[in-house]
Amino acid sequence: GEPVVCHDLEDVTEQKPTLLVLGSEGHGLRNLVARACTDFVRIPGCDTSDERNGESSSVGVDSLNVSVTGGILLWHLKSIATVQF
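Residues numbered from 1 in each chain as written. Predicted model: local features only at pLDDT ≥ 70, side-chain atom pairs only at ≥ 80, totals over all residues. Heavy atoms only, no water.

Draft legend 1. Quick look at the pattern of salt bridges. Inspection of the entire model under this criterion finds one salt bridge. The partner of aspartate 8 in a salt bridge is arginine 42, and the shortest N-O contact between them spans 2.4 Å. Remark: arginine 42 occurs in strand β2 (residues 40–42) and aspartate 8 occurs in strand β1 (residues 6–8); sequence separation between them is 34 residues. Judged by relative accessible area, which is 23%, aspartate 8 ranks as partly exposed. (Salt bridge = Lys/Arg side-chain N within 4 Å of Asp/Glu carboxyl O. Helix = DSSP H or I, 4+ residues; strand = E, 2+ residues; numbered from the N terminus. Buried < 20%, exposed > 50% of the residue type's maximum accessible area, 1.4 Å probe, protein only.)

Draft legend 2. Focus on the layout of surface pockets. Here the second largest pocket is characterised by a volume of approximately 220 Å³. The wall of the second largest pocket is formed by Val4, Val5, His7, Ala34, Arg35, Cys37, Thr38, Asp39 and Phe40. Residues of the lining of the second largest pocket, tallied by class, amount to five nonpolar, two polar and two charged. (1 Å grid on protein atoms, 1.4 Å probe; cavity = no way out; pocket = protein on both sides within 12 Å on 5 of 7 lines; lining within 4 Å. Points joined across faces, edges and corners; volume = space filled by probe spheres on them. Nonpolar A, V, L, I, M, F, W, Y, C, P; charged D, E, K, R; others polar.)

Honestly, that's just the spatial picture; any functional story needs more than this.
Structure follows, in structure tokens:
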């Protein structure tokens, strides 16, 4: 399949109709659900790879609780909607 492009949440700056799909904390999204998604977003600082050298390190965390992730995403979408009006 095609490679998945993940946008940093900080780069999401335009407000458009959005449906958030959150995967389970242990397994993420099911393949069929993921294939139906048009864009993917990551929360910077929440991954464990060190982007400077591509090696695994203690940078970030493996995963966030799904409710915490949802709160961060909703807060960001609300904040960019407020700025645009």
